[in-house]
Every structure is written in structure tokens, then in C-alpha cells.
Amino acid sequence: MHHTDPHCIFCKIAAGDIPATLAYQDDQCVAFHDIHPKAPVHLLVIPRRHIASLLEVEAADAPLLGHLLAVAARLAREHGLTAGYKTQINTGHAGGQEVFHLHIHVLGQPQ
Ligand code: AMP
Ligand code: ZN
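A few points on the structure. (Residues numbered from 1 in each chain as written. Chains lettered and ligands numbered in written order. Predicted model: local features only at pLDDT ≥ 70, side-chain atom pairs only at ≥ 80, totals over all residues. Heavy atoms only, no water.)

1. What to know about the site of ligand 1
Taken together, 17 residues surround ligand 1, and among them D34, E98, V99, H103 and H105 come closest. Contact between ligand 1 and G96: an oxygen atom at 3.0 Å from a main-chain N or O atom of the residue. In isolation ligand 1 exposes 510 Å². Once the protein is present, 88% of that is buried. Cavity membership is defined here by more than half of the atoms lying within 2 Å of grid points; on that basis ligand 1 lies in the largest pocket. When contributions to the shell around ligand 1 are tallied by element, the ones reaching two or more residues are α1 (9-15) and β2 (29-33). The biggest single contributor to the shell around ligand 1 is α1, with 3 residues. Of the residues belonging to the shell around ligand 1, the class tally is 7 nonpolar, 7 polar and 3 charged. (Near = heavy atom within 4 Å. Polar contact = N/O pair within 3.5 Å; in protein donor to acceptor, adjacent residues only side chain to side chain. Areas by Shrake-Rupley, 256 points an atom, 1.4 Å probe, with all protein chains shown as cover. 1 Å grid on protein atoms, 1.4 Å probe; cavity = no way out; pocket = protein on both sides within 12 Å on 5 of 7 lines; lining within 4 Å. Sits in = over half its atoms within 2 Å of the grid points. Helix = DSSP H or I, 4+ residues; strand = E, 2+ residues; numbered from the N terminus. Nonpolar A, V, L, I, M, F, W, Y, C, P; charged D, E, K, R; others polar.)

2. Focus on the coordination of the zinc ion (ligand 2)
Four donors placed tetrahedrally about a metal ideally form angles of 109.5 degrees, and six donors placed octahedrally ideally form angles of 90 or 180 degrees. For the zinc ion (ligand 2), the full set of protein donor atoms is C8 (SG), C11 (SG), H50 (ND1) and H101 (ND1), and the range of their distances to it is 2.0 to 2.3 Å. Around the zinc ion (ligand 2) sit 4 donor atoms; with metal-centred angles ranging over 105 to 117°, the donor geometry is tetrahedral. Of note, the donors binding the zinc ion (ligand 2) are all from one chain and are spaced C-x2-C-x38-H-x50-H. Across this residue pair, the class does not change: C8 and C11 are buried. (Donors = N, O, S within 2.8 Å, 3.2 Å for Na, K, Ca; no water. Tetrahedral: all angles 85-135°; square planar, octahedral: opposite > 155°, others 65-115°. Buried < 20%, exposed > 50% of the residue type's maximum accessible area, 1.4 Å probe, protein only.)

Laid out in C-alpha cells, this is it:
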């Protein structure tokens, strides 16, 4: 598995090669605002490593996946989604996925 994909738009965002409105970043992940928000708060949380989708995930990825979810929860809190919010992961063409770099959508209305 490659660490990054030179043709992947989310790899480019993670590398800072194309702009995005970043909400958070650390050594494992990056979070940014969706360019076409479907809710007042619409964030995407992605691993820095290029994982195309959950179809490619292995048992060894469990700590990374847990980290992504924990970051999503913290960002939701920090963006005022204290009454709750939606998370979504679209997987594969059949799952409606459009960008093939794993991402967690965080959607909600601040309180
Ligand atoms: P999906 O793959 O269906 O889960 O959705 C991909 C999401 O990425 C959509 O909500 C897009 O609006 C969003 N998106 C695509 N390109 C960008 C970009 N350059 N910056 C921020 N969000 C993006
Ligand atoms: Zn990628």
C-alpha cells in the first residue's frame, strides 16, 4: 500500500499542496471543512495515509480508525455540536463514495 497517492485530492490537502479550511491536524490525521457543506457545520476527518476506503481497512488499522473517530468527536464538541450530530462514511461506488481517500463526515447544527 502506498503512503500517499499523487493523484488524490485529499492527499494533496493533507500535504498542504492544495488549499482547504483546516480545522485540525496532527501526525496521523487532518480535518477540514467540506467545500460543499450539507449542514451548518460539515467537517471531514481523514488519515494522512492514503487509504482509499473502508474496503481496504485491515485489523492493524484499528488504532488509526479509533483516533479518527475520537478527533471527529472532539471537533464536533469544539464546533458547538453539543446536542448531537451525524457522522457518515461512504464506502465504495456502491456506497456513494466520490473521493477515494477515507474520510469521516461530521454534520450538524451548533447549539
Ligand atoms: P464522499 O466521497 O461521497 O463521502 O464525499 C466527498 C466529499 O468531499 C463531498 O462532500 C465533497 O463536497 C467534499 N470535497 C470534495 N473536494 C473537496 C475539497 N477540495 N475540499 C473540501 N471538500 C471537498
Ligand atoms: Zn489520498
